[in-house]
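Coordinate analysis (summary)
Residue-level listing of the chains:
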Amino acid sequence: MFDIVVKGGTLPDGRVADIGIRDGRIAAVERLDDAVEAGEVIDATGDLVSPPFVDPHFHMDATLSYGLPRINASGTLLEGIALWGELKQVMTVDEVKERALAYCDWAASLGLLAIRSHVDTCDDRLLGVQALLDVREAVKGYIDLQLVAFPQDGLYCDPTAYENTVRALDMGVDVVGGIPHFERTMAYGVASVTALCEIAAERGLLVDLHCDETDDPMSRHIETLAYETQRLGLQGRVTGSHLTSMHSMDNYYVSKLLPLMAEAQVAAIPNPLINIMLQGRHDTFPKRRGLTRVKEMQALGITVGWGQDCVRDPWYSLGTGDMLDVAFMGLHVAQMSAPEEMARCFDMVTAESAKIMHLDGYGLEVGCTASLVVLDAGDKIEAVRLRPDRLCVIAKGKVISRQARNDARLSIPGRPESVRRRHQPMGSG
Ligand SMILES: O=c1cc[nH]c(=O)[nH]1
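Starting afresh in each chain, residues are numbered from 1 along the sequence in its written order. For this predicted model, a pLDDT threshold of at least 70 governs which residues receive local features, and a threshold of 80 or more governs which side-chain atom pairs are given and counted, while totals over whole chains, interfaces and linings are taken from all residues. Only hydrogens and water are set aside; all other atoms, that is, all heavy atoms of the structure, feed into the side-chain values.

Points about the sheet that holds strand β9 (residues 175–176)
Only strands that DSSP links by at least two bridges are regarded as paired with each other. What counts as a helix is a DSSP run of H or I of at least four residues, what counts as a strand is a run of E of at least two, and both are numbered from the N terminus. Here we have 7 strands laid out as an open sheet, ordered β6-β7-β8-β9-β10-β11-β12, and parallel in their pairing. Both outer strands of the open sheet, β6 (53–58) and β12 (267–269), are each paired with one neighbouring strand and no more. Examined bridge by bridge, strand β10 (residues 206–211) and strand β11 (residues 238–242) share 5 bridges and lie parallel to one another. Across the sheet, residue Cys211 finds its bridge partner in β11, namely His242.

Dropping the structure here:
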C-alpha cells in the first residue's frame, strides 16, 4: 500500500516508470501493477516527472521589495547595493518575513523546493537573519531553505561585518558567504577570501562567495578561492557565485585558472537573468554578455548550476521564481544549443544545483525524499522550451500544489478547437 502513486511519467533520464510514495519517501520506481493499492493515484502519462527545482543562489531578504524606497535608475549592481542599504534602515522583521513567505508560495507552486539564499549580515540588528531563520523554520515541511551569511557591504569595508557574519553563523545560518570584489582594495578582497574560508574550515561549513561580479578582467578572486579551498582541504564544499569577470579575462590566464578550479572541485553558479541586466553597463558597443564561461568550465568537469539571484528587488525588477525561466535565459546567453546542452540546462536547475547545495535524499531513486514535480512536457528540452504548467507538486510525501493543464480553446474555422504547445511529431497521432 502506497500513500501516493505517480503513474506512467517520463523521468529526466527518459525512463517511463511509476513512482510509489510511502511515509515521505520514494518506495518504488518501476512499472507497478494497475491494481496496486494507493491513497491517491496521479496519472502522469506522457508528462515529465522530475525531482524538484533547485535555486542555488537567491536573495530572499530583499525579494518582492521592488520600488522600496525607490527604483534602481542606473541598473547597476552598485546602485542596487546602495538602494538596498537605504531599505535596510527602514524595513522590519515582519515585512521581510511576509515578503519571503509570499515568494516561497510562488516557488512551491512552481516546484522550486530547495533554495540557497544569501542573507545580509551588514546590519548590527541582524534583522534579515532573524527573519529568514524564522522563514526557514516555517517552510521546512516543503522547502529546504539553506542560508548563507553574506556581508553585502564587504567583510572589511563595514566595520562590524566580520563580527556580525560570525554572529549570524552562531545563530544557525548554514553557509559562509562573502563579496571580495566589493572590498576597498584587491588586497582586502584576497584577505577576505582567506578569512572566510578559514571560518568555514574551522566550523565544518560550506562556502559560497559572490566572486568577481564585475566586468573588470583583473578581478581574480576566484583564483584565491581555488587556492584556499586546496590549502584548507575544502574540496567539493566551495562555490564561486557570478564569476562574471571571467567573461572578460585574458584567454591565456583562463587556461590556467579553470584547471585550478577543477582540481579544487570549486563549483560555479552563474545567474543569467540578473547579470545580463547588470553587466556591460559601462560598455558602448560591443557590449559584453553578463555571463561567466559555462561550457568551458563544464568541459573540465566543474559543476555549474544556474541561479536566479533576484526577484523584484533593488537589482532586478522582474522574475517569477520559475527556474525554467533561468535555464531558458542561461541557455541563450551561454549559447547552449546542442541537444545535450539544452538538456543539461534542465539538470543545472535540478540535479547539478542539488549537488552544489549538498542536498540529502535528493532524486527519484528508492529511498530518496518524496519530493517531485509533474510537468506538462515530454522531456527536459521541451520543459526548457515551454516552461510549462506544473501539473502537480509533491513535497516530502504530500501533494502541495495542483494546476490544470493549459489547453487554449480556438475558434478559427478549419482549425482544431484545442491548441497545445506540446509538439506531437508528424504521424504520431
Ligand atoms: O547580484 C547581486 C545581487 C545582490 N547583491 C549582490 O552583491 N549581487
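Brief notes about the UniProt feature "domain: Amidohydrolase" (unreviewed entry) in the protein chain
UniProt positions are given in the numbering used here, feature names are shortened, and annotations may be inferred rather than shown by experiment. Look at the UniProt record and you will see "domain: Amidohydrolase" (unreviewed entry) annotated at residues 40–400. Strand forms 16% of residues 40–400 and helix 41%; the C-alpha atoms that close the span are 13 Å apart.

Considering the domain arrangement of the protein chain
Marked domain ranges trace back to an automatic or database domain assignment. Examined at the domain level, the protein chain breaks down into domain 1 (2–51 + 364–409) and domain 2 (53–357). Relative placement of domain 1 and domain 2: their C-alpha centres are 30 Å apart. Whether two residues touch is decided by their heavy atoms; if any such pair falls within 4.5 Å, the residues are in contact. At the junction of the two partners, domain 1 supplies 20 residues and domain 2 supplies 22 residues. Interface of domain 1 and domain 2: buried area, both sides summed, is about 1700 Å²; carbon and sulfur atoms make up 69% of it. Buried area counts how much accessible surface, traced with a 1.4 Å probe, disappears from two parts once they are put together, with both parts' losses summed.

So, the site of the ligand
His59, Leu77, Phe150, Gln152, Ile179, His210, Glu213, His242, Asp309, Cys310 and Trp315 make up every residue found near the ligand. Here a polar contact is recorded for every N or O atom pair within 3.5 Å, except that within protein the pair must consist of a potential hydrogen donor and a potential acceptor, and residues adjacent in sequence are included only if both atoms are side-chain atoms. One of the side-chain nitrogen or oxygen atoms of Glu213 is found 2.7 Å away from an oxygen atom of the ligand. Residue Asp309 places a side-chain N or O atom 2.8 Å away from an oxygen atom belonging to the ligand. Residues are said to line a cavity or pocket when one of their atoms sits within 4 Å of a point; the points come from a 1 Å grid over protein atoms alone, cavities being sets where a 1.4 Å probe fits but cannot get out and pockets being open sets with protein on both sides within 12 Å along at least five of seven lines. Molecule-in-pocket calls rest on the fraction of atoms, with more than half required to lie within 2 Å of the cavity or pocket grid points. Spatially, the ligand is embedded in the largest cavity. The nonpolar class holds Ala, Val, Leu, Ile, Met, Phe, Trp, Tyr, Cys and Pro. Asp, Glu, Lys and Arg form the charged class, and all remaining residues, Gly among them, are polar. The residue makeup of the shell around the ligand, split by class, is 5 nonpolar, 4 polar and 2 charged. Near, as used in this document, describes a residue that has one of its heavy atoms within 4 Å of the molecule or strand being considered.

So, the side chain of Thr244
Topologically, Thr244 is positioned in the loop between β11 and α7 (245–248). Once residues within four sequence positions are removed from consideration, Thr244 is found in contact with Cys211, Asp212, Glu213, Thr214, Asn275, Gln279 and Gly290.

Details of the pattern of salt bridges
One side-chain nitrogen of Lys or Arg within 4 Å of one carboxyl oxygen of Asp or Glu is enough to make a salt bridge. Here the structure, examined in full by the defined rule, presents 34 salt bridges. Between Arg203 and Asp170 there is a salt bridge whose closest N-O contact spans 2.8 Å. Here the residue Arg203 occupies a position in helix α5 (residues 186–203), and Asp170 occupies one in helix α4 (residues 161–171), the gap between them amounting to 33 residues. For every residue, the accessible area obtained with a 1.4 Å probe (protein chains only) is divided by the maximum for its type, and the residue is called buried under 20%, exposed over 50%, and partly exposed between those limits. Overall, the relative accessible area of 35% leaves Arg203 in the partly exposed class. With its nearest N and O atoms 2.8 Å apart, the salt bridge here joins Arg231 to Glu198. One end of the pair, Arg231, is in helix α6 (residues 221–231); the other, Glu198, is in helix α5, and 33 residues separate them in sequence. According to the relative accessible area criterion, Arg231 is partly exposed, its value standing at 42%. What emerges from the salt-bridge pattern is a single network uniting Asp47, Asp376, Glu382, Arg385, Arg405, Arg420 and Arg422.

What about a nonpolar patch on the surface?
Like-charged residues are merged into a patch within 9 Å and nonpolar side chains (Val, Leu, Ile, Met, Phe, Trp, Tyr) within 5 Å, provided each residue has over 30% relative accessible area and no salt bridge. For the area figures, the Shrake-Rupley method with a 1.4 Å probe applies, and any residue is considered shielded solely by the protein chains shown. Together, Tyr156, Tyr162 and Tyr188 give the surface a local cluster of nonpolar side chains, amounting to about 320 Å² of exposed area. In this fold, Tyr162 is placed in helix α4.

What about α5?
Expected span, for any helix, means 1.5 Å times one less than how many residues it has. Taking 1.5 Å per residue, 18 residues should reach 26 Å; α5 reaches 26 Å between its end C-alpha atoms and fits that length. Those residues of α5 that sit buried are Gly189, Ser192, Val193, Thr194, Ala195, Leu196, Cys197, Ile199 and Ala200. At its buried positions, α5 is contacted by α4, β9, β10 and α6. Taken from the residues just after α5, Gly204 is the one with a positive phi, measuring 70 degrees.

Some points on the pairing of strand β15 (residues 398–402)
Here 4 bridges tie strand β14 (residues 390–395) to β15, and the two strands are oriented antiparallel to one another. Note that in β15 the partner of Cys392 across the bridge is Arg402. Counted along the chain from β14 to the antiparallel partner β15, the turn is 2 residues long, and its residue Lys396 has a positive phi close to 50 degrees.

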